[in-house]
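Breakdown of the fold
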Amino acid sequence: MANVDPVRLSSNSTIKFKCHPGVKCFTQCCRDINIILTPYDIIRLKQRLDLSSEEFLAIYTEPQLLEKTGLPVVTLKFLEEEDKESDSKACPFVRENGCLVYDDRPTTCRYYPLGVASLSHKEGADDDDFYFFVHEPHCLGFEEDKLWTVREWRKDQGVDIHDEINAEWTDLVVRKRSFPPNMQLTEQTKQMFFMVSYNLDKFHEFVFKSSFLQRYDVDQATLDAIKDDEIALLKFGLKWLKFLLFKEGDFKLKEGADSA
Ligand code: SF4
Ligand code: SF4
């Protein structure tokens with residue numbers, strides 16, 4: 001069972017940790033955990049597996065509602081292990097020799113054994129992001145003799161690019177969390193949040209094949225940029241969500257048009 005250390009870590013904090021195939025606990029951390037997927041995680045994984053976003057969502061994810069916000073997110077769907085007596089559930093990508101999708105593993109896997117407050121819905125994350133240890137009794141990496149700053153760990157694990165691309169999404173989630181509880185989102189807004197965050201193929205269709213472009217003023221350069229580039233499409237979608245949720249940003253409705 002994971003034990004979250006209450007100590008707040010900053011980018012300059014030092015951690016002593018090493019994980020490698022020689023540790024006795026190798027791949028134990030890929031069992032019985034809850035991995036919330038970020039939008040960029042889905043882009044990387046679906047491209048890696050050559051699946052559409054709908055296919056990836058159907059095969060590999062489970063829906064979950066975020067506490068406090070009610071925002072719909074997805075987690076990686078863990079599976080019961082047939083050849084084991086325990087009732088543990090394992091990540092669909094874990095194999096005896098490691099992670100099948102290692103180069104494209106999700107943000108949470110890259111951070112481990114650190115957690116990042118904004119992705120974990122911790123109290124206090126609304127003002128300032130911070131990191132913390134996720135201590136699990138089976139994890140022996142803390143006994144290894146390698147020192148890192150949190151900054152070095154993040155760079156080594158390639159998490160910077162994930163955080164940069166997910167930044168606007170994380171910001172939306174954190175800001176929504178600080179809404180007063182009586183400010184509920186409509187079901188339609190939640191669906192739009194889900195589509196942009198996780199189902200980019202559907203959002204692509206929504207932009208180019210629905211009445212979206214009759215309602216919103218989008219310049220040709222932007223349309224050219226988002227047509228075949230999923231990261232550009234995600235960033236565009238997140239700007240639109242910011243407009244829908246907070247009425248902020250430079251999104252422009254055409255005269256007399258409704259936002260949704
Ligand atoms: S449990 Fe810890 S040390 Fe063991 S494989 Fe996972 S991260 Fe590495
Ligand atoms: S995606 Fe890879 S690193 Fe992450 S839990 Fe699954 S097997 Fe482990």
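A short tour of the structure in this document, coming up. Everything numeric here is computed off the predicted structure, so don't read it as measured data.

A few points about the overall build of the chain
Summing up its helical and strand segments, the chain has eleven helices and eleven strands in all. Relative to the 2.2 N^0.38 estimate, which gives 18 Å for 260 residues, the radius of gyration of the chain is 20 Å and therefore close to what a compact globule would have. By principal-axis analysis of the C-alpha atoms, the chain measures approximately 65 × 40 × 35 Å. Sorting the 260 residues of the chain into buried and exposed places 46% on the buried side. Charge separation in the chain, taken as the distance between the mean sites of 34 positive and 46 negative side-chain charges, equals 2 Å.

Focus on the pairing of strand β3 (residues 61-65)
Sheet topology places β3 next to strand β4 (residues 72-76); five bridges connect them, and they run antiparallel. Paired with E62 across the bridge in β4 is T75. Between β3 and the antiparallel strand that follows it, β4, lie six residues; K68 among them carries a positive phi value of about 75°.

Some details on unusual backbone geometry
In the segment running from Y112 into P113, the intervening peptide bond is cis, with an omega of 10°. When you line up the elements, P113 lands in the loop between α3 (107-111) and β9 (114-116). With a phi angle near 75°, T27 is a residue other than glycine that sits in the positive phi range. Within the fold, T27 resides in the loop between β2 (14-16) and α1 (39-49). Within the chain, K247 stands out as a residue other than glycine whose phi angle is a positive 55°. In this fold, K247 is placed in the segment after α11 (230-246). The exposed category is assigned to K247, whose relative accessible area is 58%.

Things to note about the site of ligand 1
Neighbouring ligand 1 are F17, C19, V23, C25, F26, T27, C29, Y112, H138, C139 and G141. Taken together, the residues that form the shell around ligand 1 break down as eight nonpolar, three polar and no charged.

What about the nonpolar core?
By size, the foremost hydrophobic cluster in this structure holds 53 residues, and its most contacted members are F203, F212 and W240. Tallying contributions element by element places α11 first for this core, with ten residues. In terms of nonpolar packing, the next biggest core, distinct from the first, is built from 19 residues, V116, F132, F133 and V134 among them.

What to know about helix α6 (residues 159-177)
The terminal C-alpha atoms of α6, which comprises 19 residues, lie only 23 Å apart, well short of the 27 Å expected from a rise of 1.5 Å per residue. By the largest-angle criterion, N166 marks the main kink of α6, which is about 60°. Burial in α6 covers these residues: V159, H162, I165, N166, W169, T170, L172, V173, V174, K176 and R177.

Here we look at helix α7 (residues 187-198)
One turn of an α-helix holds 3.6 residues; hence residues three or four places apart share an orientation. Look at α7: 16 Å from first C-alpha to last across twelve residues, which is about the 16 Å you get at 1.5 Å a residue. Here α7 has its buried residues at T189, K190, M192, F193, M195, V196, S197 and Y198.

Criteria and thresholds
Residues numbered from 1 in each chain as written. Chains lettered and ligands numbered in written order. Predicted model: local features only at pLDDT ≥ 70, side-chain atom pairs only at ≥ 80, totals over all residues. Heavy atoms only, no water. Helix = DSSP H or I, 4+ residues; strand = E, 2+ residues; numbered from the N terminus. Rg over C-alpha atoms; globule rule 2.2 N^0.38 Å. Buried < 20%, exposed > 50% of the residue type's maximum accessible area, 1.4 Å probe, protein only. Lys, Arg positive; Asp, Glu negative; His and termini not counted. Charge placed at Lys NZ, Arg CZ, Asp CG, Glu CD. Pairing = 2+ DSSP bridges. Near = heavy atom within 4 Å. Nonpolar A, V, L, I, M, F, W, Y, C, P; charged D, E, K, R; others polar. Core = buried A, V, L, I, M, F, W, Y, C linked by side-chain atoms within 4.5 Å. Expected span 1.5 Å × (residues − 1). Bend = angle between axes of the 7 residues up to and from the residue.

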